[in-house]
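Now for the letters of each chain:
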Amino acid sequence: MKHLSEYRDGAKALKLAAEIARICKGNWAIMEVCGGQTHSIIRNGIDQIVPQNIEMIHGPGCPVCVTPISVIDKALEIAARRNVLFCSFGDMLRVPGTTSDLYRIKGGGGDVRIVYSPLDAVKLARKHPTREVVFLAIGFETTAPANAMAVKIAQQQDIHNFSVLVSHVLVPPAIEAIMNSPGNRVQAFLAAGHVCSVMGFHQYHRLASQYSIPIVVTGFEPLDLLDGIRRAVVQLEAGQSHVENAFPRVVTEAGNEVAQATIDEVFETTDRAWRGIGVIPQSGWRLKPKYAEFDAERRFAVEDIAPEESNACRAGEVLRGALKPHQCEAFGKQCTPRTPLGATMVSSEGACAAYYNYGRFVHP
Amino acid sequence: MCLAVPGQIESLYADNDTPMGKVNFGGVVKEVCMVYLPEVQIGDYVIVHVGFAIHQIDEESAQATLESFAELGLLDDELEDLRVSGEDS
């Protein structure tokens, strides 16, 4: 399983699908948590080559999609201010807030810049000492080490015109919230490979045991995903529920411990709102008090912005796996990648965008 | 910004005491922070997410992932961000 041809070999994929069909006797619902995996599953039709009695449910694994509208509104409020140089990852610029988005703020004269790394924002702060440079720090556990280090470096280098608007979210509490939600149908999880490359997978053992669910750490290639599904089905058929690592070329049980130490130094866990889902207890990170100076919410006094979300968009149900994108009445009509109602259509890795781009208008 | 993209380390240096490196992503070279992988050397392949190397991988896995992302159309978005950020900063 080392060479490119093996990861994406069509014949091997069909063989693996046939093996899954051979072992699969029951009806199983399996959720992939990562947006990159959702994209790969739909793009490669993996959900269509596995047996019909396996349903792939798409989880809340896109950080752009789950960033709550309140954070977008806070970003818009800050970015519109004079003397602010607002930095964000590119895919956040089109995410709609209550009345606008970052592109419109930029079009209206706001200094909104796309950066690839939070360190680019720190550099801009060093380069423009008379301006306030603010970075929109979103993302799962994969992104948190970078954002934590940006804050640490700003402090070490006495850069005081830099701050971060933090909206970090964590995968394990989301899995727990899905398992506890009324009407939950998920019976196994494919855990996000890159999140686990940072955090390891030791924290999943408790979830697998407590909720009696198989959790398989999975990569992004078609064969990685099929192998993840196969391993999940083997466990489901045997009535087992443990954690398996199907992505050992990238993921270890312990993860990147240097990165984890920096996260622990800079961030502490907090309750966090997820777009369309609501507040999940202890599902996010915020800056520790000793880094409060770098908290953009405090610096710009936007803590109290708390808007209402529109009822027209059913992204919350899509993110919980309760609704498939094409089952939303607005899908492909009022809501398209050019005119998105919700973040799951904005982000290229959102489930709605994946369904739209690959023509899944009728059949799941 | 979801993706973690593999690339090859071309050089290693320090910037204000922060360990950095130049990493080649299939032709696009970008500055990457190496603070989370203190053991890496020039020529190694690493997975990079938002400007930080987070894991070392072997060359074959790196090439496989790069080609797969390119085929999925995911790499264009990531590399576009690389180019845009280079112009902006």
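As a reminder, the structure under discussion sits directly above these lines.
Residues numbered from 1 in each chain as written. Chains lettered and ligands numbered in written order. Predicted model: local features only at pLDDT ≥ 70, side-chain atom pairs only at ≥ 80, totals over all residues. Heavy atoms only, no water.

## Structural notes on the sheet that holds strand S5 (residues 132–139) of chain A
Residues and elements named next belong to chain A.
Part 1 of the reasoning: Here six strands make up an open sheet; going across it, the order is S4-S3-S5-S6-S11-S10 and the pairing mixed. Lying at the two open borders of the sheet, with one neighbouring strand each, are strand S4 (111–114) and strand S10 (267–274). In this sheet, adjacent strand axes meet at a mean angle of 25° when their direction is disregarded.
Part 2 of the reasoning: Looking at chain direction, S5 and strand S6 (residues 162–169) are connected through seven bridges and run parallel. (Pairing = 2+ DSSP bridges. Helix = DSSP H or I, 4+ residues; strand = E, 2+ residues; numbered from the N terminus. Axes fitted to C-alpha atoms, helices over the stretch in contact; angles between N-to-C directions.)

## With respect to the pattern of salt bridges
Residue and element names in this part refer to chain A.
Part 1 of the reasoning: By the definition in use, this model includes 21 salt bridges over all chains.
Part 2 of the reasoning: Put simply, Arg 131 and Asp 111 hold a salt bridge, and the shortest N to O gap is 2.8 Å. With Arg 131 in the loop between helix H8 (118–127) and S5 and Asp 111 in strand S4, this residue pair connects regions lying 20 residues apart in the sequence.
Part 3 of the reasoning: Here Arg 249 ties to Asp 224 by a salt bridge, and the two come within 2.8 Å at their closest N and O atoms. Of this pair, Arg 249 sits in the loop between strand S9 (243–245) and helix H14 (257–266) while Asp 224 sits in helix H13 (residues 222–238); the two residues are 25 residues apart in sequence, bridging distant segments of the chain. Accessibility classification places Arg 249 together with Asp 224 in one group, the buried group.
Part 4 of the reasoning: Look at the salt bridges and you will find they share partners, linking Asp 227, Arg 230, Arg 231 and Glu 244 into a network. (Salt bridge = Lys/Arg side-chain N within 4 Å of Asp/Glu carboxyl O. Buried < 20%, exposed > 50% of the residue type's maximum accessible area, 1.4 Å probe, protein only.)

## Brief notes about the pairing of strand S4 (residues 45–49) of chain B
Residue and element names in this part refer to chain B.
Part 1 of the reasoning: Within S4, five of the five residues are buried, which leaves the element mostly enclosed by the surrounding structure.
Part 2 of the reasoning: Here S4 shows a buried face lined by Tyr 45, Ile 47 and His 49 and a second buried face lined by Val 46 and Val 48.
Part 3 of the reasoning: Where S4 meets strand S5 (residues 52–57), five bridges bridge the pair, whose relative direction is antiparallel. Within S5, the position partnered with Val 48 by the bridge is Ala 53.
Part 4 of the reasoning: Joining the antiparallel neighbours S4 and S5 is a turn of two residues, in which Val 50 adopts a positive phi near 40°.

## Some points on the packing of aromatic side chains
All names here are of chain A.
Part 1 of the reasoning: A complete count under the given rule lists six aromatic pairs over all chains for this structure.
Part 2 of the reasoning: Each ring, one from Phe 89 and one from Phe 135, has its centre 5.3 Å from the other, and the planes form 85°; the classification is edge-to-face. Highlighted residues: Phe 89 in the loop between strand S3 (84–88) and helix H7 (102–107) and Phe 135 in strand S5, separated in sequence by 46 residues. (Phe/Tyr/Trp six-rings, centres within 6.5 Å; stacked < 30°, edge-to-face > 60°.)

## Considering helix H9 (residues 144–156) of chain A
All names here are of chain A.
Part 1 of the reasoning: For H9, built from 13 residues, the straight-helix expectation of 18 Å at 1.5 Å per residue is met to within 8% by its first-to-last C-alpha distance of 18 Å.
Part 2 of the reasoning: Most of H9 is tucked away: 11 of the 13 residues are buried.
Part 3 of the reasoning: What H9 keeps buried is the set Ala 144, Pro 145, Ala 146, Asn 147, Ala 148, Met 149, Ala 150, Val 151, Lys 152, Ile 153 and Ala 154.
Part 4 of the reasoning: Directly beyond the C-terminal end of H9, a positive phi value near 55° is found at Asp 158. (Expected span 1.5 Å × (residues − 1).)

## Concerning the sheet that holds S9 of chain A
Residue and element names in this part refer to chain A.
Part 1 of the reasoning: A sheet is described by the order of its strands in space; here five strands give the open sequence S2-S1-S7-S8-S9, paired in parallel fashion. For this open sheet the edge positions go to strand S2 (54–58) and S9, each flanked by a neighbour on one side alone. Strand-to-strand twist across the sheet, computed as the mean angle between neighbouring axes with direction ignored, equals 25°.
Part 2 of the reasoning: Where strand S7 (residues 188–192) meets strand S8 (residues 215–218), four bridges bridge the pair, whose relative direction is parallel. Each residue of the ladder has a partner; that of Ala 192, found in S8, is Thr 218.
Part 3 of the reasoning: Across the sheet, H13 is in contact with strand S1 (28–32), S2, S7, S8 and S9; its angle to S8 comes to roughly 170°. (Contact = heavy atoms within 4.5 Å.)

## Some words on the packing of H9 of chain A against H14 of chain A
Residues and elements named next belong to chain A.
Part 1 of the reasoning: Here H9 crosses H14 at 55°, and the two axes come no closer than 9 Å. The orientation of H9 with respect to H14, classified from their angle, is oblique. The element H9 and its partner H14 pack so that their crossing is left-handed. Of the residues in H14, those in contact with Ala 144, Pro 145, Ala 148, Met 149, Val 151 and Lys 152 of H9 are Ala 259, Thr 262, Ile 263, Glu 265 and Val 266.
Part 2 of the reasoning: Along the lines of polarity and charge, the residues of the contact of H9 with H14 split into eight nonpolar, one polar and two charged. (Parallel < 35°, antiparallel > 145°, perpendicular 65-115°, else oblique. Left-handed = near helix turned anticlockwise from the far one by under 90°. Nonpolar A, V, L, I, M, F, W, Y, C, P; charged D, E, K, R; others polar.)

## Let's talk about the side chain of Thr 142 of chain A
Part 1 of the reasoning: Checked against the element boundaries, Thr 142 of chain A lands in the loop between S5 and H9.
Part 2 of the reasoning: For Thr 142 of chain A, a relative accessible area of 7% puts it in the buried group.

## Some thoughts on H13 of chain A
All names here are of chain A.
Part 1 of the reasoning: Taking 1.5 Å per residue, 17 residues should reach 24 Å; H13 reaches 24 Å between its end C-alpha atoms and fits that length.
Part 2 of the reasoning: Of all the 17 residues making up H13, 12 are buried; the element is thus mostly covered by neighbouring parts of the structure.
Part 3 of the reasoning: Residues Pro 222, Leu 223, Asp 224, Leu 225, Leu 226, Asp 227, Gly 228, Ile 229, Ala 232, Val 233, Gln 235 and Leu 236 constitute the buried set of H13.

By themselves these figures say nothing about function.
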